[in-house]
Amino acid sequence: MQATEGRVMYMGTGRRKSAVARVRLVPGNGQLIINGKPGDLYLQFNPDYLSAAKAPLETLGLDKDYDVLVTAHGGGLTGQADAVRLGVARALCQLDPDNRKPLKIEGYLTRDPRAKERKKYGLRKARKAPQYSKR
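In what follows, the accompanying structure is described. (Residues numbered from 1 in each chain as written. Predicted model: local features only at pLDDT ≥ 70, side-chain atom pairs only at ≥ 80, totals over all residues. Heavy atoms only, no water.)

Looking only at helices and strands, the chain has four helices and six strands in total. Scanning the chain from its N terminus toward the C terminus, one meets helices and strands in the order β-β-β-β-β-α-α-β-α-α. Compactness check: the chain gives a C-alpha radius of gyration of 18 Å against a globular reference of 14 Å for 135 residues, more than 25% above the reference. Its C-alpha atoms give the chain principal-axis dimensions of roughly 75 × 30 × 25 Å. For the chain, restricting intrachain contacts to residue pairs at least 6 apart in sequence, the fraction spanning at least 24 positions comes to 64%. Carbon and sulfur atoms make up 49% of the accessible area of the chain, which totals about 8700 Å². For the chain, the distance from the average site of its 26 positive side-chain charges to the average site of its 13 negative ones is 18 Å. (Helix = DSSP H or I, 4+ residues; strand = E, 2+ residues; numbered from the N terminus. Rg over C-alpha atoms; globule rule 2.2 N^0.38 Å. Contact = heavy atoms within 4.5 Å. Areas by Shrake-Rupley, 256 points an atom, 1.4 Å probe, with all protein chains shown as cover. Lys, Arg positive; Asp, Glu negative; His and termini not counted. Charge placed at Lys NZ, Arg CZ, Asp CG, Glu CD.)

What follows covers the pairing of strand β2 (residues 7-16). The sheet contact formed by β2 and strand β3 (residues 19-27) spans seven bridges and is antiparallel. Pairing of Arg-16 across the sheet is with Ala-19, part of β3. Here β2 folds back onto β3 in antiparallel fashion, the turn holding two residues, of which Lys-17 has a positive phi close to 55°. (Pairing = 2+ DSSP bridges.)

Our focus in this paragraph is a positive patch on the surface. Among the surface-exposed residues, Lys-17, Lys-116, Arg-124, Lys-125 and Lys-128 lie close enough to one another that they form a single positively charged patch. With respect to the helices and strands, Lys-125 occurs in the segment after α4 (100-106). (Patch = residues over 30% accessible without salt bridge, like charges linked within 9 Å, V, L, I, M, F, W, Y side chains within 5 Å. Salt bridge = Lys/Arg side-chain N within 4 Å of Asp/Glu carboxyl O.)

What follows deals with the pattern of salt bridges. Applying the stated rule across the entire model yields five salt bridges. The salt bridge involving Asp-112 is made with Arg-114; its shortest N-O contact spans 2.8 Å. Across the pair Arg-127 and Glu-117 runs a salt bridge, and its minimum N-O distance is 3.1 Å. Linking Arg-127 in the segment after α4 with Glu-117 in the segment after α4, this pair joins segments that are ten residues apart in sequence.

Looking now at helix α3 (residues 77-95). The end-to-end C-alpha distance of α3, which contains 19 residues, comes to 26 Å, matching closely the 27 Å that a straight helix rising 1.5 Å per residue would cover. In terms of residue burial, α3 counts as a mostly covered element, since 15 of its 19 residues are buried. (Expected span 1.5 Å × (residues − 1). Buried < 20%, exposed > 50% of the residue type's maximum accessible area, 1.4 Å probe, protein only.)

Ranked by size, the top nonpolar core spans 31 residues in total, and within it Leu-25, Leu-43, Val-68, Val-70 and Leu-92 carry the most contacts. Within the residue set of this core, elements represented by two or more residues are β3, β4 (32-34), α2 (47-60), β6 (66-73) and α3. Residue contributions to this core peak at ten residues, all from α3. Not counting chain neighbours up to four residues away, the residues in contact with Leu-25 comprise Val-8, Met-9, Tyr-10, Leu-57, Tyr-66, Asp-67, Val-68, Val-88, Ala-91 and Leu-92. (Core = buried A, V, L, I, M, F, W, Y, C linked by side-chain atoms within 4.5 Å.)

Here the focus is the packing of α2 against α3. The N-to-C vectors of α2 and α3 enclose an angle of 15°; their axes lie 7 Å apart at closest approach. Considering their axes alone, α2 and α3 lie roughly parallel with respect to each other. Between α2 and α3 lies a crossing of right-handed hand. Listed contacts from α3 to Tyr-49, Ala-52, Ala-53, Ala-55, Pro-56, Leu-57 and Leu-60 of α2 are Leu-77, Thr-78, Ala-81, Asp-82, Val-84, Arg-85, Val-88, Ala-89 and Leu-92. Partitioning the contact of α2 with α3 into residue classes produces 13 nonpolar, one polar and two charged. (Axes fitted to C-alpha atoms, helices over the stretch in contact; angles between N-to-C directions. Parallel < 35°, antiparallel > 145°, perpendicular 65-115°, else oblique. Left-handed = near helix turned anticlockwise from the far one by under 90°. Nonpolar A, V, L, I, M, F, W, Y, C, P; charged D, E, K, R; others polar.)

Encoded structure:
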């Protein structure tokens, strides 16, 4: 928790693939702002991305009580939306330690470890081999 100019603010960092989202929870009316743009505009009005980003707040019933201010970079929209979800969940744990149990049950506090596999030499991608020719 940090206090800036009399305002209480809760922070959390979320990561997914190569995306990083720094999330600040501020008492407000439920706005989602990502990189200075409204969340629905930034996430291209995709309902899956929007619901993923707001899921921890909706689980606790706090979606109309806090504004979510996000600085996101790296990766694509899927990774950034999931990074926002993790960051919001971590900030909510800072807000009240009792929030941890319902968020943990829903799986919002688990960092998704899946990332792109590196390309190996002699192959076209991580696992795709050149076409085999018998003769």
